[in-house]
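Results of the structural survey
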Amino acid sequence: MQTIDFCDFLRIELRIGTIIKVENFEKARKPAYKLWVDLGEIGIKKSSAQITDYYNQKDLLGKQVLCVCNFPPKQIADFMSEVLVTGFDDGNSKIVLSAVDKPVPNGARLI
């Protein structure tokens, strides 16, 4: 594993946000959702996420998730993804979301 300086880590804007809207992403190549995430003072940002194996739309609403907020926007089919919602591979190529176990303010930065 390659090591990085703490300064490198600080360059990554990892922030918590609450999912406020979810839609099926019909035009995605792999099953995915369109997410709208409230990141507090940063605003509401969109993300495409391939998380349909473990999560349904109803379960995602109101869920706080950890997002990378300073990647450049990425066009995915007809949708502009503005943040990366983070997660872990469960060992079977299914994604488990990164989340917090207690509520924190939207937009709070991982430190």
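Source: prediction; values computed, not measured. (Residues numbered from 1 in each chain as written. Predicted model: local features only at pLDDT ≥ 70, side-chain atom pairs only at ≥ 80, totals over all residues. Heavy atoms only, no water.)

Counting 16 residues, the largest nonpolar core has L35, V37, I51, L60 and C67 as its most contacted members. Where this core is concerned, the elements lending two or more residues are β1 (14–24), β2 (33–38) and β4 (64–68). When sequence neighbours within four positions are dropped, the list of residues in contact with V37 reads G17, T18, I19, G43, I44, K45, V65, C67 and V85. The next biggest cluster of nonpolar side chains, apart from the first, holds five residues, and it includes F25, A28, A32 and W36. (Core = buried A, V, L, I, M, F, W, Y, C linked by side-chain atoms within 4.5 Å. Buried < 20%, exposed > 50% of the residue type's maximum accessible area, 1.4 Å probe, protein only. Helix = DSSP H or I, 4+ residues; strand = E, 2+ residues; numbered from the N terminus. Contact = heavy atoms within 4.5 Å.)

What follows concerns the environment of V96. With respect to the element layout, V96 can be found in strand β9 (residues 95–97). Non-local contacts of V96, meaning those with residues more than four positions away in its chain, are made with Y54, Y55, G87, F88 and D90.

Across the sheet, which stays open at both edges, the five strands sit in the order β3-β2-β1-β4-β7 with antiparallel pairing between neighbours. In this open sheet, the two edge strands, each paired with only one partner strand, are β3 (44–49) and β7 (84–85). Bridge count for β4 against β7 is two bridges, and the pairing is antiparallel. Along β7, the bridge assignment pairs V68 with L84. (Pairing = 2+ DSSP bridges.)

This part covers the side chain of S98. Assignment of secondary structure puts S98 in the segment after β9. Residue S98 is classed as buried on the basis of its relative accessible area of 10%. The residues contacting S98, other than those within four sequence positions of it, are Q64, V65, L66, T86, G87 and F88.

Both faces of the sheet carry side chains from a regular strand, because those side chains alternate between them. Pairing analysis gives six bridges linking β2 to β3, with the strands arranged antiparallel. The partner of Y33 across the bridge, within β3, is A49. Hairpin connection between β2 and β3: a loop of five residues separates the two successive antiparallel strands, and G40 in this loop has a positive phi of roughly 60°.

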